[in-house]
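One-letter residues, chain by chain:
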Amino acid sequence: MTDPLTIRNAILADLEAVIALDLVGLAAKETAYWREIFDRYVSAGKDDGFFLVAEANAEVIGFIVGEVRAWEFGSPPCGWVFALGVSPAVREQGVGELMFQEMCARLKRAGVAIVRTMVDRENKLTLSFFRSQGLRSGRYIELEKPLADD
Ligand SMILES: CC(C)(COP(=O)(O)OP(=O)(O)OC[C@H]1O[C@@H](n2cnc3c(N)ncnc32)[C@H](O)[C@@H]1OP(=O)(O)O)[C@@H](O)C(=O)NCCC(=O)NCCS
């Protein structure tokens, strides 16, 4: 990275760049998924949902998506970060941290005091990242069960 890094709101023109970044991530999602996320968080202009990208040298090198969710699972309104990715070419240079800090600032201004996320316990990289940002196990426990065929 030579140019200064900018963290800004995503715009519709960022769609292809975000999909390309996600494709190199651990859990690439469908294009249809990203179109829906752009519709909801970029076009609709929610004031309690944030889709941010990191840009350097006129290139999108990272993205983060989060929102305020109220009373889910009985929890008072809190922030959720549910998508995050940084280009492999510029990882471990603080891009993820800057995006996460900006997301936390936006969530705080939206009125919440806690930020949450969910991470696959085998995903050491993502766990290490979120722990470095101060996230710890919270008061809720995820429960699940495979649904057997009838
Ligand atoms: C997780 C991810 C977003 C981190 O982005 P990044 O820009 O490389 O992270 P940063 O440079 O801001 O690192 C912040 C801290 O995270 C931790 N971290 C980052 N990369 C790490 C690695 N490879 N190994 C261990 N810890 C790591 C460190 O504690 C680091 O702090 P330090 O630099 O003081 O050691 C990036 O690796 C990524 O896109 N991974 C693939 C997609 C993914 O897992 N997304 C999350 C699930 S949706």
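This text follows the structure it describes.
Residues numbered from 1 in each chain as written. Predicted model: local features only at pLDDT ≥ 70, side-chain atom pairs only at ≥ 80, totals over all residues. Heavy atoms only, no water.

Before going further, it helps to examine the site of the ligand. Taken together, 18 residues surround the ligand, and among them Glu92, Gly94, Gly96, Thr126 and Ser128 come closest. One of the backbone nitrogen or oxygen atoms of Glu97 is found 2.8 Å away from an oxygen atom of the ligand. Between the ligand and Ser132, the relevant distance is 3.3 Å, taken from an oxygen atom to a side-chain nitrogen or oxygen of the residue. Computed on the free molecule, the ligand has an accessible area of 920 Å², of which 69% lies beneath the protein chains in the complex. Contributing elements (two or more residues each) for the shell around the ligand: β4 (78-86), α3 (95-109) and α4 (124-132). For the shell around the ligand, the leading source of residues is α4, giving 5 residues. Tallied by class, the residues present in the shell around the ligand amount to 6 nonpolar, 9 polar and 3 charged. (Near = heavy atom within 4 Å. Polar contact = N/O pair within 3.5 Å; in protein donor to acceptor, adjacent residues only side chain to side chain. Areas by Shrake-Rupley, 256 points an atom, 1.4 Å probe, with all protein chains shown as cover. Helix = DSSP H or I, 4+ residues; strand = E, 2+ residues; numbered from the N terminus. Nonpolar A, V, L, I, M, F, W, Y, C, P; charged D, E, K, R; others polar.)

This paragraph deals with the sheet that holds strand β3 (residues 59-69). Spatial strand order, β1-β2-β3-β4-β5: 5 strands in an open sheet with mixed pairing. What marks the edges here is a single partner per strand, and that holds for β1 (6-9) and β5 (115-116). As defined by bridge partners, β4 adjoins β5 across 2 bridges and the pair is classed as parallel. Within β5, the position partnered with Gly79 by the bridge is Val115. (Pairing = 2+ DSSP bridges.)

Evaluated as defined, the whole model comprises 8 salt bridges. Ionic pairing is found between Arg40 and Glu36, a salt bridge with its closest N-O pair at 2.6 Å. Placement of the pair is Arg40 and Glu36 together in helix α2 (residues 31-43), with a separation of 4 residues, close to one helical turn. For Glu36, a relative accessible area of 45% gives the class partly exposed. Linking Arg69 and Glu72 is a salt bridge whose minimum nitrogen-to-oxygen distance equals 3.7 Å. For Glu72, a relative accessible area of 30% gives the class partly exposed. Here the residues in one salt-bridge network are Lys46, Asp48, Glu67, Arg69 and Glu72, joined through shared partners. (Salt bridge = Lys/Arg side-chain N within 4 Å of Asp/Glu carboxyl O. Buried < 20%, exposed > 50% of the residue type's maximum accessible area, 1.4 Å probe, protein only.)

Now for the environment of Asp3. Position of Asp3 among the secondary structure elements: in the segment before β1. Residues Asp3 and Arg139 lie 136 residues apart in sequence; the distance between their C-alpha atoms is 41 Å. In this view, Asp3 contacts Ala56 and Asn57; residues no more than four positions away in its chain are not counted. (Contact = heavy atoms within 4.5 Å.)

Turning next to the nonpolar core. If you look at the biggest cluster of nonpolar residues, it comprises 19 residues, and the most contacted ones within it are Ile64, Val95, Phe100 and Met103. Ranked by the residues each element gives to this core, the list is headed by α3, at 5 residues. When neighbours within four sequence positions are excluded, Phe100 is seen to be in contact with Ile64, Val81, Val115, Phe129, Phe130, Gln133 and Leu135. In this structure, Val42, Phe51, Val53 and Ala83 belong to the second largest nonpolar core, which totals 16 residues. (Core = buried A, V, L, I, M, F, W, Y, C linked by side-chain atoms within 4.5 Å.)

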